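Examining the three-dimensional arrangement
The chain contents come next:
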Amino acid sequence: MSELSIQLYKKLGEHGTIIKGFNLKQQESKTLILVIVDISKLQLLKSIIKKYDKEAFLVIQEASELYGREF
């Protein structure tokens, strides 16, 4: 587990999913972390990502409906 994913879990208390894959040319492996956070934790999420992975990029999308075990 990466330091980023450890810190996300410790500081946000959120569960997430780690997805392993490759870029479209299949030359470079990629790791994606999918995590859903309340808007009140968004700034903390950004600061953790900035501190622990300077190469990361963040996609923020509003969800109008969530369904599943954790929700």
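Residues numbered from 1 in each chain as written. Predicted model: local features only at pLDDT ≥ 70, side-chain atom pairs only at ≥ 80, totals over all residues. Heavy atoms only, no water.

Let's shift gears to the overall build of the protein chain. Within the protein chain, the regular secondary structure consists of 2 helices and 2 strands. When the backbone C-alpha atoms are referred to their principal axes, the protein chain occupies close to 35 × 25 × 20 Å. Nonlocal contacts in the protein chain, meaning residues at least 24 apart in sequence, comprise 41% of its contacts between residues at least 6 apart. Per element, the accessible surface of the protein chain, about 6,600 Å² overall, is 53% carbon and sulfur. Once the 11 positive and 9 negative side-chain charges of the protein chain are each reduced to a mean point, those two points are 7 Å apart. (Helix = DSSP H or I, 4+ residues; strand = E, 2+ residues; numbered from the N terminus. Contact = heavy atoms within 4.5 Å. Areas by Shrake-Rupley, 256 points an atom, 1.4 Å probe, with all protein chains shown as cover. Lys, Arg positive; Asp, Glu negative; His and termini not counted. Charge placed at Lys NZ, Arg CZ, Asp CG, Glu CD.)

As a further point, take the pairing of strand β2 (residues 29-35). Bridge count between strand β1 (residues 16-22) and β2: 7 bridges; the pairing is antiparallel. Paired with Phe 22 across the strands is Ser 29, a residue of β2. Linking β1 back to β2 in an antiparallel pair, the connection comprises 6 residues, with Gln 26 at a positive phi of about 60 degrees. (Pairing = 2+ DSSP bridges.)

So, on to the confidence of the model for the protein chain. Across the protein chain, the average pLDDT comes to 86, with 94% of residues at 70 or higher. The least confident element of the protein chain is β2, whose mean pLDDT is 88; the most confident is helix α2 (residues 42-52), at 93. (pLDDT = per-residue confidence, 0-100.)

Once that is clear, we can look at α2. When we look at burial in α2, the residues that qualify are Leu 42, Leu 45, Ile 48 and Ile 49. Seen along its axis, α2 keeps its buried residues to an arc of 125 degrees; they face one direction. Turned more than 90 degrees away from the buried face of α2 sit Gln 43, Lys 50 and Lys 51, all of them exposed. Buried residues along α2 sit in contact with α1 (3-12) and β2. (Buried < 20%, exposed > 50% of the residue type's maximum accessible area, 1.4 Å probe, protein only. Arc of directions from axis to C-beta.)

Counting through the fold element by element, Thr 17 comes out in strand β1. Thr 17 sits in the partly exposed class, given a relative accessible area of 43%. Each C-alpha atom, one on Thr 17 and one on Leu 66, is 15 Å from the other, the two residues being 49 residues apart in sequence. Apart from the residues lying within four places of it in its own chain, the contact partners of Thr 17 are Leu 32, Ile 33 and Leu 34.

What follows is about the pattern of salt bridges. Here the structure, examined in full by the defined rule, presents 1 salt bridge. Lys 30 is paired through a salt bridge with Glu 28; the nearest N and O atoms lie 3.5 Å apart. Since its relative accessible area comes to 37%, Lys 30 is described here as partly exposed. (Salt bridge = Lys/Arg side-chain N within 4 Å of Asp/Glu carboxyl O.)

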